[in-house]
Amino acid sequence: MFRASRLGMAGLVIMAAFIAVALLGPLLAPYDPLAFGKAQDVLNAPSAAHLLGTDDMGRDVAAALVAGSRVSLLVGLMSTLISMVVGSLVGILAGYFGRATDTILMRTTDIFLVLPWLPLMLVLAALLGPSVWNIILVIGLTGWAGTARLVRAQTLAIKERQFMERARAIGSSDAHIIAHHLLPNVFPLIFANTILVTAVSILSETTLSFLGMGDSTRPSWGMMLHFAFESGAASTGAYWFILPPGLCVLALVLGFTFMGYAFDEILNPKLRRR
Amino acid sequence: MKRGEFLKKIAQAGLTVLGVLIINFFLFRVMPGDPATMLVRNPKLSPEAVQRITAMFGLDKPLIEQFGMYLRDLATGDMGDSFIFKQPVILIIGERILATLLLALVAELLAIAAGMLIGIFAAWKRGSRLDVISLGFTLVTYSMPTFWLGILLVAFFAGFLHVFPVSGMISPSLVFAGSLAKLGDVLHHLFLPTLTLALVLVGEYALVMRNSMIDVLTEDYIVTARAKGLSEKDILRRHAVPNAMIPMTTIIAMSLGFTITGALQVETVFSWPGLGRLMYEALKGRDYPLLQGIFLITSVCVVAANFIADILYPYIDPRVRA
């Protein structure tokens, strides 16, 4: 069914292309993305030597883009993993045990759901210090609330099904029921959600890095835009410094959004065309 | 609304604010590398200075007592002093908050109006070119970093089209001008930041309105209305749109945090003198008290707006009123 969705396939191709670039990495770009250039190399327009020009420090933009794809994918995927584990755990525990557990967990979730996430992430990132792993932690720990709500709703629906009652009747433990009966049934939903959360996580990383919270030893697309903005590239017309990193973020996030959309339509019968 | 229900909603909003306060408190005192501990650990400090700071933050007292102190200070408006401005945080935020609220409010209203119109037409002419274009537009604006859209607009208007100012809130030459000239100038400066924020918001609203309209248009009462011989326009205006508004209200309330987050980014790019620009400066100077103050204030704004939406909800959805 996924193959039939043109949107989903387009998303898959985009994602595969970025993963290939990230894996091949330095093989594709002949320049060191971190090596500063000489004075005459600063903010050069695209040429044969530098296909996408150079930045405010004389670094090759194309090489930085390739290196940036690694950071964006790493942060996007790892922080999503954290969000998924926390969100699924909270959702399943709240839905399965109900009562006070449910109230406490869901009240907490609601708080995380309505808060403006950017100031919270920035405070956290500033306290922990800028490193790739801290950014992963910060994005992961602030982005789980939507997943928790979704998983809880699905858990409540599955809890009413007969096989759950049967498992309880024969005396299965809670841990066994959750691991063997509940989780397999909630998993498809978690999977579709994972793809959409990854898109948001990549955007978060870009925004944090743009605001100067990035890891300067691992330049990402957001950090390129940070330097572009700080060096006034927007008003001086250095389009090669502004467009490529933003377009990469846009393409990668679109790819994930397309895939998430396609999976949602397959797994969520309500959305199918009437 | 019944009185009990009203009190319950107040209690819920209060609980959320308490949650924010707890998060804020723990960030400052308990996290590894928290500013209070770092101040005390500074080897250059004399023992007396360490003692003074310890007493100031109450670091020698039990946590619960420290939390009580923190709440007492907040109640009197004391959020600490900014490291970089050397002024009370509450004063600095107070100077900037109106600019942010102005930007967020105007953009939000624009986006809601435009989103509803686009959504209604897209649903009414489902599968038409407008429908497809608006869906594509939604996906693209959703997948774009907000600040990047702002940078693109700055580049475009600074490089090619010198119609709108790309930075600040008022022209320096007009600071002492008459209030009417000032108002016009502020609106002129407001245009691009508002456009950026509204563009980012409008896609989601249009999509939600469209889907909600499609849901409503397949309901039995629409068939009934049509059977009664109502004109298409009347069906839309009197039956479909009011019902489709209900999920819209929920989405608008839910995405207020997103709106504030977007406003903070847009401000940074356009040097709009609000909380976002302030946050950028605070980040550069690692000004923790200021950062926390901004987090607290923006959170309280979102909770308050949510509370108002909750109160207004029964007026939009009569089923809740019963």
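Parameters and conventions
- Think of each chain on its own: its residues are numbered from 1, step by step along the sequence as written.
- Here every chain gets a letter starting at A, and every ligand a number starting at 1, in the order they are written.
- Given that the model is predicted, a residue must reach a pLDDT of at least 70 before its local features are reported, and side-chain atom pairs must reach 80 or more before they are shown or counted; all residues, however, enter totals for whole chains, interfaces and linings.
- With hydrogens and water stripped out, all remaining heavy atoms of the structure feed into the side-chain values.
- A helix here means a DSSP run of H or I that spans at least four residues, while a strand means a run of E at least two residues long, and both kinds are numbered starting from the N terminus.
- Categorising residues by exposure relies on relative accessible area from a 1.4 Å probe, with only protein chains included: less than 20% of the type maximum marks a residue as buried, more than 50% marks it as exposed, and the intermediate range marks it as partly exposed.
- Any two residues having at least one pair of non-hydrogen atoms within 4.5 Å are treated as being in contact.
- Note on areas: Shrake-Rupley, 1.4 Å probe, and residue coverage restricted to the protein chains presented here.
- By convention in these notes, a salt bridge is any Lys or Arg side-chain nitrogen within 4 Å of a carboxyl oxygen on Asp or Glu.
- Buried area is understood as the total, over both parts, of accessible area removed when two parts are fitted together, assessed with a 1.4 Å probe.
- Per-residue confidence from the prediction method is given by pLDDT, with values spanning 0 to 100.
- Domain limits in this description derive from either an automatic procedure or a database domain assignment.
- Polar contact criterion, stated in full: a pair of N or O atoms within 3.5 Å, where within protein one must be able to donate a hydrogen and the other to accept it, and residues adjacent in sequence count only if both atoms are side-chain atoms.
- Under the grouping applied here, Gly and all other residues not named as nonpolar or charged are polar, the nonpolar ones being Ala, Val, Leu, Ile, Met, Phe, Trp, Tyr, Cys and Pro and the charged ones Asp, Glu, Lys and Arg.
- Two aromatic rings, drawn from Phe, Tyr or Trp (for Trp, its six-membered ring), form a pair once their centres lie within 6.5 Å of each other, and the interplanar angle then sorts them: stacked below 30 degrees, edge-to-face above 60, tilted otherwise.
- Residues grouped as a nonpolar core are buried Ala, Val, Leu, Ile, Met, Phe, Trp, Tyr and Cys residues, joined through side-chain atoms within 4.5 Å.
- Only residues whose relative accessible area exceeds 30% and that form no salt bridge are eligible for patches; like-charged ones are grouped when within 9 Å, while nonpolar side chains (Val, Leu, Ile, Met, Phe, Trp, Tyr) are grouped when within 5 Å.
- Here an angle of 0 to 180 degrees is reported between the N-to-C directions of two axes, which are lines fitted to C-alpha atoms, with helices fitted over the stretch in contact.
- For classification, angles of less than 35 degrees are called roughly parallel, those exceeding 145 degrees roughly antiparallel, those between 65 and 115 degrees roughly perpendicular, and all remaining angles oblique.
- Less than a right angle of anticlockwise turn of the near helix away from the far helix marks a crossing as left-handed, whereas a clockwise turn marks it as right-handed.

## With respect to the overall build of chain B
(1) Moving on: Per the secondary structure count, chain B includes 14 helices and 0 strands.
(2) Moving on: N-terminal to C-terminal, the α/β element order of chain B is α-α-α-α-α-α-α-α-α-α-α-α-α-α.
(3) Moving on: Counting the 322 residues in chain B, one finds 47% classified as buried.
(4) Moving on: Counting contacts in chain B only where the partners sit at least 6 residues apart, residues at least 24 apart contribute 71% of the total.
(5) Moving on: If you sum the accessible surface of chain B, you get close to 16,200 Å²; carbon and sulfur atoms cover 69% of it.

## A word on the pattern of salt bridges
Oppositely charged side chains can pair when the atoms bearing their charge come close.
(1) Moving on: Counted according to the given criterion, the structure contains 8 salt bridges over all chains.
(2) Moving on: With a closest N to O distance of 3.4 Å, B:Asp234 and B:Arg237 form a salt bridge. On the criterion of helical spacing, the pair formed by B:Asp234 and B:Arg237 is a turn pair, its members being 3 residues apart in helix H10 (residues 232-254).
(3) Moving on: Its relative accessible area of 54% is what places B:Arg237 among the exposed residues.
(4) Moving on: Each of A:Arg107, A:Asp110 and A:Arg149 takes part in a single network of salt bridges with overlapping partners.

## Some remarks on the interface of chain B and chain A
Interface extent is often summarised as the accessible area lost during association of the parts.
(1) Moving on: Listed as interface residues are 53 residues of chain B and, on the opposing side, 44 residues of chain A.
(2) Moving on: Here chain B and chain A share an interface that buries about 4,400 Å² over both sides, 76% of which is from carbon and sulfur atoms.
(3) Moving on: Applying the counting criterion to the chain B and chain A interface returns 1 salt bridge.
(4) Moving on: A salt bridge links A:Glu230 to B:Lys284; the nearest nitrogen and oxygen atoms lie 3.5 Å apart.

## Observations concerning the environment of A:Val249
(1) Moving on: Note that A:Val249 resides in helix H11 (residues 239-267).
(2) Moving on: We classify A:Val249 as buried; its relative accessible area is 0%.
(3) Moving on: The sequence separation of A:Val249 and A:Val61 amounts to 188 residues, and the corresponding C-alpha distance is 15 Å.
(4) Moving on: Contact partners of A:Val249, with chain neighbours within four places excluded, come to A:Leu203, A:Thr206, A:Trp221, B:Ser143 and B:Pro145.

## Quick notes on the confidence of the model for chain A
(1) Moving on: Across chain A, the average pLDDT comes to 82, with 83% of residues at or above 70.
(2) Moving on: By mean pLDDT, the top-scoring element of chain A is helix H5 (residues 132-142) of chain A (90), and the lowest-scoring one is helix H10 (residues 233-236) of chain A (70).

## Focus on the environment of A:Gly129
(1) Moving on: Note that A:Gly129 resides in the loop between helix H4 (117-128) and H5.
(2) Moving on: Placed 75 residues apart in sequence, A:Gly129 and A:Ser204 show a C-alpha to C-alpha distance of 16 Å.

## Some words on the domain arrangement of chain B
All names here are of chain B.
(1) Moving on: When the domains of chain B are assigned, the result is domain 1 (3-75) and domain 2 (96-321).
(2) Moving on: The interface of domain 1 with domain 2 comprises 15 residues on the first partner and 9 residues on the second.
(3) Moving on: Looking only at domain 1, the three residues that lose the most surface to domain 2 are Lys9, Val20 and Asn24, adding up to 39% of its buried area.
(4) Moving on: On the surface where domain 1 and domain 2 come into contact, there are 0 salt bridges.
(5) Moving on: Viewed at the interface, domain 2 and domain 1 are joined by 1 residue pair in polar contact (both at pLDDT 80 or more).
(6) Moving on: Sorting the residues of the side of domain 1 that touches domain 2 by element identifies helix H1 (3-29) and helix H2 (35-41) as the ones contributing at least two each.
(7) Moving on: Here the side of domain 1 that touches domain 2 gets 12 residues from one element, more than from any other, and that element is H1.
(8) Moving on: Residue classes in the side of domain 1 that touches domain 2 are distributed as 12 nonpolar, 2 polar and 1 charged.

## What to know about the packing of aromatic side chains
Geometry of an aromatic ring pair is reported as the spacing of the ring centres plus the angle between the planes.
(1) Moving on: With the rule as written, the count across this model stands at 12 aromatic pairs over all chains.
(2) Moving on: Aromatic pair A:Phe210 and B:Phe147: ring centres 3.8 Å apart, planes at 5°, arrangement stacked. A residue pair is termed interchain when its members come from two chains, as with A:Phe210 in helix H8 (residues 174-213) and B:Phe147 in helix H7 (residues 146-159). This pair shows no difference in class: A:Phe210 is buried, exactly as B:Phe147 is.
(3) Moving on: An angle of 45° between the planes, with centres 5.6 Å apart, marks the rings of B:Phe25 and B:Tyr70 as tilted. Here B:Phe25 is found in helix H1, whereas its partner B:Tyr70 is found in helix H4 (residues 63-75), with 45 residues between them in sequence. Accessibility classification places B:Phe25 together with B:Tyr70 in one group, the buried group.

## A few points about unusual backbone geometry
Residues and elements named next belong to chain B.
(1) Moving on: For Lys86, which is not glycine, the phi torsion reads 55° and is therefore positive.
(2) Moving on: Along the chain, Lys86 falls in the loop between H4 and helix H5 (89-124).
(3) Moving on: Judged by its relative accessible area of 68%, Lys86 falls in the exposed class.
(4) Moving on: A positive phi is found at Ser271, a non-glycine position, where the angle reads about 50°.

## Describing the nonpolar core
(1) Moving on: In terms of nonpolar packing, the biggest core is built from 133 residues, with B:Met209 and B:Met213 touching the most fellow members.
(2) Moving on: At 15 residues, the largest contribution of residues to this core is made by helix H8 (residues 179-217) of chain B.
(3) Moving on: Three or more residues apiece are contributed to this core by two domains, here domain 1 (3-75) and domain 2 (96-321) of chain B.
(4) Moving on: The residues contacting B:Met209, other than those within four sequence positions of it, are B:Gly115, B:Met116, B:Gly119, B:Ile120, B:Val241, B:Ala244, B:Met245 and B:Met248.
(5) Moving on: Counting residues in each nonpolar core, the second largest holds 13 residues, with A:Ile177, A:Ile178, A:Ile190 and A:Val197 among its members.

## Side note on a nonpolar patch on the surface
All names here are of chain B.
(1) Moving on: Among the surface-exposed residues, Leu15, Leu18, Ile22, Phe26 and Leu63 lie close enough to one another that they form a single nonpolar patch of about 400 Å² accessible area.
(2) Moving on: In terms of residues, the nonpolar patch owes the most to one element, H1, which gives 4 residues.
(3) Moving on: With respect to the secondary-structure elements, Phe26 resides in helix H1.
(4) Moving on: Judged by relative accessible area, which is 38%, Phe26 ranks as partly exposed.

## Considering the environment of B:Leu101
Residues and elements named next belong to chain B.
(1) Moving on: Residue position: Leu101 is located in helix H5.
(2) Moving on: You can call Leu101 partly exposed: its relative accessible area is 35%.
(3) Moving on: Counting along the chain gives 134 residues from Leu101 to Ile235, while the straight-line C-alpha distance between them is 36 Å.

## A closer look at the packing of H11(A) against helix H6 (residues 129-142) of chain B
(1) Moving on: Axis separation between H11(A) and H6(B) bottoms out at 9 Å; the angle between their running directions is 125°. Comparing their axes, H6(B) and H11(A) come out oblique. Between H11(A) and H6(B) lies a crossing whose hand is right-handed. Facing A:Leu250, A:Leu254, A:Thr257, A:Phe258 and A:Tyr261 of H11(A), the residues of H6(B) in contact are B:Leu135, B:Leu139, B:Val140 and B:Tyr142.
(2) Moving on: Across the contact of H11(A) with H6(B), the residue classes break down as 8 nonpolar, 1 polar and no charged.

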